[in-house]
Amino acid sequence: MSYQQELNIALLAVQRASLLTKRVFHSHTKGPLSKSDASPVTIGDFGAQALIISALQHAFASDEIVAEEEAKDLRENEGLRTTVWDLVKEVRLRDDAAEEQIGGGVKNADIMMDIIDKGNSKGGAHGRIWALDPIDGTKGFLRGGQYAVCLALMVDGDVKVGVLGCPNLPVDDSAPLDSKVGENATDAEGMGVLFAAVQGQGATSRPLTEGALAQPKKIAMKSVSDISAATFCESVEAGHSSHSDQSQIAQKLGITKPSVRMDSQAKYGSIARGAGDVYLRLPVRKDYQEKIWDHAAGDLIVREAGGEVTDAEGNRLDFSKGRTLAANKGVVAAPEAVHKEVLDAVKSVLRNK
Ligand SMILES: Nc1ncnc2c1ncn2[C@@H]1O[C@H](COP(=O)(O)OS(=O)(=O)O)[C@@H](OP(=O)(O)O)[C@H]1O
Ligand SMILES: [Mg+2]
Ligand SMILES: [Mg+2]
Ligand SMILES: [Mg+2]
């Protein structure tokens, strides 16, 4: 299967949703609410989820969707519902043919909430299931940092297509990695990138546009012969991955450069194009199960760019277990040639804890 239609729809859907998140990124009223696990959700998360699921339903009506958000808060709060609807009804791609391919807009606020709730699939090992994170790195989004709009198609539990929209990363694949995001990053010339991969077909990047898709360029991980010269990326939030374990691992590998802290799956995209080399995400809590929408697109993009992605024990991430990566703990992503060396350091640090 070439998955060209799936890739095309996923790219357009993520591109349109990014237009919405960019508007919210600039506004003073992001409407953050606290979810039951105390993590934040904004009007951008709800709006982007509605627009992307609407596109998927138009093109692939019988596919299932595992998405992060649900419409409960919108059903209970009319003000919030109206704010999200005002955004969703306005955002369109500035290219009629492209907008038509993803079905045009959502009809009304009630339909919008039903669409958001279509992301409630249990996931699993059978059939076609999309994994959607409308805003990954919501804390980064609120802080003015990196975030990503993430969409992947799994078939029988295997990731076939992955797309990441990163509005605050530079288009230039060779731009140096930077933990900081400039004041007006989102609107600045040369900012905003769409990463994509299809299984067996390699990985690409292209500029995020406001209309039709831009031309893609192939991307590849940097070849690292001396691991001590590597740049490694990790989460900004110390609650999401263990900075102390990661710093010990880096030390063990002889890495002297400070880590680049970056929110969201922008980390996967950055190492896939060789802007960084290694992404480490070691668990802080034993009981936390990583969510499939936080990894599905990035995992494929890195592997298609010549990388290897495993958990802290060296097992491939298993997306067939439901909404979480129940069979995995931690993430270790690195170029194939040095992955084993990195993994050995990970195991040794974790063993001696
Ligand atoms: N305890 C714990 N451990 C690991 N991961 C967790 C944890 N709690 C939350 N999350 C998920 O982290 C997602 C954000 O990921 P990042 O680490 O890439 O970005 S950040 O630097 O932390 O903002 C974030 O994704 P979003 O909610 O989409 O922002 C969460 O799904
Ligand atoms: Mg979240
Ligand atoms: Mg996420
Ligand atoms: Mg999210």
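Residues numbered from 1 in each chain as written. Chains lettered and ligands numbered in written order. Predicted model: local features only at pLDDT ≥ 70, side-chain atom pairs only at ≥ 80, totals over all residues. Heavy atoms only, no water.

Caption draft 1: Focus on the sheet that holds strand β12 (residues 278-281). With respect to topology, five strands assemble into an open sheet ordered β11-β10-β12-β14-β13, the strand pairing being mixed. Each end of this open sheet is capped by a strand with a single partner; those strands are β11 (260-261) and β13 (307-310). Bridge count between β13 and strand β14 (residues 331-335): four bridges; the pairing is antiparallel. Paired with G307 across the two strands is P335, which belongs to β14. Running at roughly 175° to strand β10 (residues 232-234), helix α8 (residues 243-252) makes contact with β10, β11 and β12 of the sheet. Sheet contacts for helix α10 (residues 296-304): β13 and β14; angle to β13, the most-contacted strand, approximately 145°. (Pairing = 2+ DSSP bridges. Helix = DSSP H or I, 4+ residues; strand = E, 2+ residues; numbered from the N terminus. Contact = heavy atoms within 4.5 Å. Axes fitted to C-alpha atoms, helices over the stretch in contact; angles between N-to-C directions.)

Caption draft 2: Seen up close, the site of ligand 1. Residues in close proximity to ligand 1 total 19 residues, the closest being S235, H240, D263, K267 and D294. Between G239 and ligand 1, the recorded distance is 3.2 Å, taken from a backbone N or O atom to a nitrogen atom. Considering ligand 1 on its own, with 640 Å² of exposed area, one finds that the protein chains cover 90% of that surface. Mapping ligand 1 onto the cavity grids shows that it belongs to the largest pocket. Sort the elements by how many residues they give to the shell around ligand 1 and strand β4 (residues 128-136) lands first, with three residues. Residue composition of the shell around ligand 1, by class: four nonpolar, six polar and nine charged. Two domains each donate at least three residues to the shell around ligand 1, and these are domain 1 (4-219) and domain 2 (227-351). (Near = heavy atom within 4 Å. Polar contact = N/O pair within 3.5 Å; in protein donor to acceptor, adjacent residues only side chain to side chain. Areas by Shrake-Rupley, 256 points an atom, 1.4 Å probe, with all protein chains shown as cover. 1 Å grid on protein atoms, 1.4 Å probe; cavity = no way out; pocket = protein on both sides within 12 Å on 5 of 7 lines; lining within 4 Å. Sits in = over half its atoms within 2 Å of the grid points. Nonpolar A, V, L, I, M, F, W, Y, C, P; charged D, E, K, R; others polar. Domains from an automatic or database assignment.)

Caption draft 3: Quick peek at the nonpolar core. Ranked by size, the top nonpolar core spans 58 residues in total, and within it I52, V88 and M112 carry the most contacts. Per-element tally for this core: the top contributor is helix α1 (residues 4-26), with twelve residues. (Core = buried A, V, L, I, M, F, W, Y, C linked by side-chain atoms within 4.5 Å. Buried < 20%, exposed > 50% of the residue type's maximum accessible area, 1.4 Å probe, protein only.)

Caption draft 4: The arrangement of the coordination of the magnesium ion (ligand 3) in detail. For the magnesium ion (ligand 3), the protein coordination sphere consists of D133 (OD), D136 (OD) and D294 (OD), at 1.9 to 2.1 Å. Binding-site remark: the magnesium ion (ligand 3) is held by donors from one chain whose sequence spacing is D-x2-D-x157-D. D133 gets classed as buried once you look at its relative accessible area, which sits at 0%. (Donors = N, O, S within 2.8 Å, 3.2 Å for Na, K, Ca; no water.)

Caption draft 5: Representation of the domain arrangement of the chain in the model. Its domain assignment divides the chain into domain 1 (4-219) and domain 2 (227-351). With centres defined by C-alpha atoms, the gap from domain 1 to domain 2 works out at 23 Å. Between domain 1 and domain 2, the residue contacts involve 55 residues of the former and 34 residues of the latter. Summing the contributions of domain 1 and of domain 2, the shared interface buries around 3,100 Å²; its carbon and sulfur component is 63%. For E237, the salt bridge is made with R143, and the minimal N-O distance between the two is 2.5 Å. Our count for the domain 1 to domain 2 interface comes out at 15 residue pairs in polar contact (both at pLDDT 80 or more). Those elements that provide at least two residues to the side of domain 1 that touches domain 2 are β3 (64-67), β4, α7 (138-143), β5 (148-155), β6 (158-170) and β7 (191-198). Top element by residues in the side of domain 1 that touches domain 2 is β6. It accounts for ten residues. (Buried area = accessible area lost by both parts, 1.4 Å probe. Salt bridge = Lys/Arg side-chain N within 4 Å of Asp/Glu carboxyl O.)

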